[in-house]
Amino acid sequence: MKKQILDSFLLSLLLIFIISFPLELLITDVLSYYLITIGLRLILLLYYYFAIRRTNRKIIGVGIKKEMLFMIPCFLITFSNFSLFLIYPNNISFTSFEMNKYIYFEFIIDLLTAILEEIVFRFYFHNMLRISNRLVRIIASAGIFAAFHLLNFVSTFDPTTLITVIYTFGLGIILGFIYEFSNSLPLSILFHFLFNSVNGTLFDSIALFNSEMLIAYYVCNIVVAMIVGLYLLFLFLFRYKKVNHLYFY
């Protein structure tokens, strides 16, 4: 158990260093910044690959095909921000997307970040928690995931970044449910990537924000979070509460 905690701690420190290091302050050339950022994540991913191989653990458990059907509603929220364009059709513009020649690098970074974070926070930390109550275990792992994003506040001291911590706590609960009940790391990676790239990078690149749409944006996210939260609670109470979790450790 001590070795598992040490492995998780070291892997999380590496992730924190790679993702949080302010490269943009040191590298002025945009292309060089993206290439170095991607390169560092690939090196870290290679290290994680060999770390996972040493554990002799599977990244996909049993019952994945059956449980995927119950996770489809969760995946719908990775496109939820685009519902705002039904209300504000004039607030969509592809100009900035077309002019951003580095947008595809951002999608690659989104993918690599999703893979790295899911390995650390789901494959290691989530499995490390020896909590008998599955719901409490999911909430605890989401808390660790949210605490990691406190680094955004520590590095900028911008109070608005604290909203990100609350946001990522909710995201961590969804990811925890997906991983806990599907026993599939690729499935949680896919959700994480789609959420960051579609609801984040892509949406931000084509949306023209104003004060009115910004309010609707927060309202939309709160409503979606409540609906998904109720759905996950329903799943837990009526399907998963009595199912034994297959520990990988």
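Small disclaimer: the values here were computed from a predicted structure and weren't measured.

1. Remarks on the overall build of the chain
Counting its secondary structure elements, the chain contains 12 helices and zero strands. Mapped in sequence order, the helices and strands of the chain form the string α-α-α-α-α-α-α-α-α-α-α-α. Looking at the chain residue by residue over its 249 residues, the buried ones come to 45%. Counted over contacts in the chain with a minimum sequence separation of 6, partners at least 24 positions apart contribute 82%. When the accessible surface of the chain is summed, it comes to about 13600 Å², and 73% of that surface belongs to carbon and sulfur atoms.

2. Quick notes on the packing of aromatic side chains
This structure, assessed with the given rule, holds 22 aromatic pairs. The interplanar angle of 55 degrees and the centroid separation of 6.3 Å between the aromatic rings of Y47 and Y48 together place this pair among those described as tilted. The exposure class of Y48 is buried, given its relative accessible area of 0%. With a centroid separation of 5.8 Å and 85 degrees between ring planes, the pair formed by F209 and Y217 is classed as edge-to-face. The rings of F82, F85, F203, F209, Y217 and Y218 are connected pair by pair, giving a single aromatic cluster.

3. Structural notes on the confidence of the model for the chain
Looking at the chain as a whole, its pLDDT mean stands at 83, while 84% of the residues score no less than 70. The secondary-structure element of the chain with the lowest mean pLDDT is helix α9 (residues 151–156), recorded at 62, while helix α11 (residues 185–206) shows the highest, at 93. Taken as a whole, residues 245–249 scores under 50 in pLDDT and shows 26 contacts with residues more than four places along the chain or in a different chain.

4. A look at helix α8 (residues 134–148)
Turn by turn, an α-helix covers 3.6 residues, leaving residues three or four places apart pointing in a common direction. Taking 1.5 Å of rise per residue, 15 residues should cover 21 Å, and α8 covers 21 Å from first to last C-alpha, within 8% of that figure. Sitting at the head of α8, N133 places a side-chain oxygen 3.0 Å from the backbone nitrogen of L135.

5. Brief notes about α11
Along its 22 residues, α11 runs 30 Å from first to last C-alpha, staying within 8% of the 32 Å computed at 1.5 Å per residue. Where α11 bends most, the angle comes to about 25 degrees, and this point is S197. Counting buried residues along α11, 17 of its 22 residues qualify, which places the element largely inside the surrounding structure. The N-capping residue of α11, defined by a side-chain oxygen 3.2 Å from the backbone nitrogen of L187, is S184.

6. Here we look at the packing of helix α7 (residues 103–128) against α11
When two helices pack together, their arrangement is given by the angle between the helix axes and by the axis-to-axis distance. Taken N-terminus to C-terminus, the directions of α7 and α11 make an angle of 145 degrees; their axes are 8 Å apart at the nearest point. Where α7 crosses over α11, the two elements pack in a sense that is right-handed. Facing α7, whose interface residues are I103, E106, F107, D110, L111, A114, I115, E117, E118, I119, R122 and F123, α11 presents L185, S188, I189, H192, F193, N196, S197, T201, L202 and S205. Split into classes, the residues belonging to the contact of α7 with α11 amount to 11 nonpolar, six polar and five charged.

7. Describing the nonpolar core
Soluble globular proteins: nonpolar side chains tend toward being buried together. Core analysis: the biggest nonpolar cluster contains 57 residues, and L15, Y48, I174, I178 and F191 have the highest contact counts within it. At 12 residues, α7 tops the list of elements feeding residues into this core. Not counting residues up to four positions away in its chain, the partners in contact with I174 are C74, I77, F191, V228 and L232.

8. Brief notes about the pattern of salt bridges
Evaluation of the coordinates by the stated rule reveals three salt bridges. Linking R122 and E118 is a salt bridge whose minimum nitrogen-to-oxygen distance equals 2.7 Å. In this pair, R122 and E118 both sit in helix α7, four residues apart, roughly one turn of the helix. Here R137 and E180 are joined by a salt bridge, their closest N and O atoms 2.6 Å apart. With R137 in helix α8 and E180 in helix α10 (residues 161–182), this residue pair connects regions lying 43 residues apart in the sequence.

Rules used throughout
- Residues numbered from 1 in each chain as written.
- Predicted model: local features only at pLDDT ≥ 70, side-chain atom pairs only at ≥ 80, totals over all residues.
- Heavy atoms only, no water.
- Helix = DSSP H or I, 4+ residues; strand = E, 2+ residues; numbered from the N terminus.
- Buried < 20%, exposed > 50% of the residue type's maximum accessible area, 1.4 Å probe, protein only.
- Contact = heavy atoms within 4.5 Å.
- Areas by Shrake-Rupley, 256 points an atom, 1.4 Å probe, with all protein chains shown as cover.
- Phe/Tyr/Trp six-rings, centres within 6.5 Å; stacked < 30°, edge-to-face > 60°.
- pLDDT = per-residue confidence, 0-100.
- Expected span 1.5 Å × (residues − 1).
- Polar contact = N/O pair within 3.5 Å; in protein donor to acceptor, adjacent residues only side chain to side chain.
- Bend = angle between axes of the 7 residues up to and from the residue.
- Axes fitted to C-alpha atoms, helices over the stretch in contact; angles between N-to-C directions.
- Left-handed = near helix turned anticlockwise from the far one by under 90°.
- Nonpolar A, V, L, I, M, F, W, Y, C, P; charged D, E, K, R; others polar.
- Core = buried A, V, L, I, M, F, W, Y, C linked by side-chain atoms within 4.5 Å.
- Salt bridge = Lys/Arg side-chain N within 4 Å of Asp/Glu carboxyl O.

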